[in-house]
Amino acid sequence: MARVATDVVDGVRSSPASVRNLVDRDAVGACVLAAAVPFVFLHERYQPDLSIAAGSTTLDVRLSDLALLAVLVTTIGFAARLGLARLRAGRWLWITGLALLVWLAFQTLRPASRDDPLFDEHLVSFAKLVEYSVLAVAVPLLVRRTVDLVILLGALVLWGAVAVAVGLLQFFGVDIFGAWSAGWRQPSFLGHHDLAALSAVALALAAAGIVARRRELPAQSLFAVAAVTGIVGLIVAGSVAAVGGLAIGALVVWIASRRRFVPGARRTLALAGVVAIVAGGVVAVRGDTLADFVRFLGIRGHQQPVGVESYSQRTVLAYIGLRIFEDHPVAGVGWLRSSRPDVFEPYLEDAHRRFPDVVDLAFPAAGREWGIQNLYIQMAADAGIVGLVLLLLVGAVGLTLAWRAAIRAPTPWAAGAGLLVLCALLTVAGEWSSQGIVPGIPLQAASCLLLGLAAAGAASTETAR
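Quick caveat: nothing in here was measured; it's all calculated off a predicted structure.

Caption draft 1: Inspection of the nonpolar core at higher detail. Counting 121 residues, the largest nonpolar core has Leu-33, Phe-41 and Leu-419 as the members making the most contacts within it. A total of 15 residues in this core trace back to one element, the largest contributor, which is helix α8 (residues 192-212). Val-343, Tyr-347, Phe-355 and Ile-377 belong to the second-largest nonpolar core, a separate cluster that totals 18 residues.

Caption draft 2: Quick look at empty space enclosed by the protein. Overall, the coordinates contain 1 cavity of 30 Å³ or more when judged by the stated rule. Considering only enclosed or pocket space, the largest cavity measures out at about 60 Å³ in volume. Along its surface, the largest cavity is lined by Leu-317, Ile-320, Ile-324, Ser-338, Ser-339, Phe-344, Pro-364, Gly-371 and Ile-372. Among the elements that make up the lining of the largest cavity, the one with the highest residue count is helix α13 (residues 310-327) (3 residues). Here the lining of the largest cavity is built from residues that sort into 6 nonpolar, 3 polar and no charged.

Caption draft 3: Looking closely at the pattern of salt bridges. Tallying each qualifying case throughout the model produces 14 salt bridges. Measuring nitrogen to oxygen at the nearest pair gives 3.6 Å for the salt bridge that ties Asp-60 to Arg-62. Measuring nitrogen to oxygen at the nearest pair gives 2.5 Å for the salt bridge that ties Arg-323 to Asp-350. Within this pair, whereas Arg-323 is found in helix α13, its partner Asp-350 is found in helix α15 (residues 348-354), the two being separated by 27 residues in sequence. Three or more residues are tied together by salt bridges with common partners; here these are Arg-323, Glu-326, Glu-349, Asp-350 and Arg-353.

Caption draft 4: Focus on the environment of Asp-60. Here Asp-60 shows up in strand β4 (residues 57-62). Given the relative accessible area of 26%, Asp-60 is considered partly exposed. In this structure the C-alpha to C-alpha distance between Asp-60 and Val-124, which are 64 residues apart in sequence, comes to 9.7 Å. For Asp-60, the contacting residues outside a window of four places in its chain are Asp-49, Leu-50, Ser-51 and Asp-65.

Caption draft 5: The arrangement of a nonpolar patch on the surface in detail. A cluster of nonpolar side chains, namely Phe-39, Leu-63, Leu-66, Leu-69, Leu-72, Val-73 and Ile-76, defines an oily patch on the protein surface of about 590 Å² accessible area. It is helix α3 (residues 63-82) that provides the largest number of residues to the nonpolar patch, a total of 6 residues. Relative to the helices and strands, Leu-63 resides in helix α3.

Caption draft 6: Examining helix α2 (residues 28-40) more closely. Taking 1.5 Å of rise per residue, 13 residues should cover 18 Å, and α2 covers 18 Å from first to last C-alpha, within 8% of that figure. Of all the positions in α2, only Gly-29, Ala-30, Leu-33, Ala-34, Ala-36, Val-37 and Val-40 are classed as buried. Mapping the buried residues of α2 onto a view down its axis gives an arc of 160 degrees, with all of them on the same face.

Rules and cut-offs
- Residue positions within a chain follow its written sequence, with the count starting from 1.
- Predicted model: local features are reported for residues with pLDDT of at least 70 only, side-chain atom pairs are reported and counted for 80 or more only, and whole-chain, interface and lining totals are derived from all residues.
- Side-chain numbers come from the whole structure's heavy atoms, not from hydrogens or water.
- Only buried residues count toward a nonpolar core, which is a set of Ala, Val, Leu, Ile, Met, Phe, Trp, Tyr and Cys residues joined through side-chain atoms within 4.5 Å.
- Here's how the labels work: a residue is buried when its accessible area is under 20% of the maximum for its type, exposed when over 50%, partly exposed in between, all with a 1.4 Å probe on protein chains only.
- Only DSSP runs of H or I with at least four residues qualify as helices, and only runs of E with at least two residues qualify as strands; both kinds are numbered from the N terminus onward.
- The rule is simple: put a 1 Å grid over the protein atoms alone, call a set of points where a 1.4 Å probe fits but cannot get out a cavity, call an open set with protein on both sides within 12 Å along at least five of seven lines a pocket, and count a residue as lining if it has an atom within 4 Å of a point.
- Grid points are joined across faces, edges and corners, and a volume is the space filled by probe spheres set on the points.
- Note on residue classes: Ala, Val, Leu, Ile, Met, Phe, Trp, Tyr, Cys and Pro are nonpolar, Asp, Glu, Lys and Arg are charged, and everything else, Gly too, is polar.
- A carboxyl oxygen of Asp or Glu within 4 Å of a side-chain nitrogen of Lys or Arg is what we treat as a salt bridge.
- Residues are treated as being in contact if the distance between any of their heavy atoms lies within 4.5 Å.
- Patch rule: a residue counts if its relative accessible area is over 30% and it has no salt bridge; like charges are joined within 9 Å, and nonpolar side chains (Val, Leu, Ile, Met, Phe, Trp, Tyr) within 5 Å.
- In this description, accessible areas are obtained by the Shrake-Rupley approach with a 1.4 Å probe, and a residue is regarded as covered only by the protein chains that are shown.
- Expected span, for any helix, means 1.5 Å times one less than how many residues it has.
- This arc is taken over the directions from the axis of the helix to the C-beta atoms.

Structure representation (structure tokens):
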């Protein structure tokens, strides 16, 4: 006799018939969230915008903003109808997240920031950060049942497949969406870091299917698509930082699944093989860049550089960021001010002495404000140790919620909001080590969606118990 599937909605165990009756009405929230995915995971240059004057700067309203507005309105409607009880399980995520936003608001409005000529632009950037943060709160309120989880994951994986297909065309020489040279890493219609983040979500679903068995996934039919999309996407994006995060994420997923899903040798080897394939592919795509960095470190040979080398430049920028943090350890220099010439110029002479073999163009200067290009170091420089600790606490709470979902939630949630988030969030955390603070980009959207999924998994765990 076939086993009858059931679902849990706000503590009520429903039969398949009652679930079908709920789909039209109660799946609206997940559908709106899924419909927003193509817009928030699309580079702003490919979106039409409406410019509105605001002081000395302008507000650009894009399709992604309208999509997020629709998500916000839908979330408010669901909260009014069904209440906020599902937020209770993730309360420490909301507390630390709110504390971080309050601290960054202070950094945006402190006197040094208000006196900055770019204050209006920095204020708009902070507003964009808050806007995208709404996604984290929306997910647990809109994604309540397994069917909702399937809808959201399906949108992320399928849109990721479209992005990877475009990236492959670019890789083989089709000049679309600002393609780089054939055979190099490609941005698709997102950007390298953003493509890596979207692909990480897909690969995390496949990783969950490997260790927990494919049939335990909330979206079983997407397993093959997710695996191909994730592997190829991360290779095409060519992010070494994402590979490091993926390796850690895969290890954590394996540990989290040991007691509940008991992955054997074959599944363990399969998971390790996926990581090895991605690592090998990224090394092949980024071979020249990595070879340049090895020479920069003095490990193999020495050749005077003739242009900007990616990792040597990142090392220089990170050094400058750490020097800024050293002189402003508690409160930092203010929101996004570490890239301002009056802030970084006092450290340039010392940086030139420290890295004499790096070309001048790799160093920041007036007119080429490269930024720090590392979220964690820039947060320390801009917002001090308080901002950095709050940021790390948000990530740690999200991982804790995902871990609890992986070991306690109903099985589809354990795989879809537990194991998936553990793997994807750690991969994305690695990606942020090569990306500075840029609010309102797909990388932030991925981070907030994953944190929201962790909270949704925790809420489903609490409901089931």
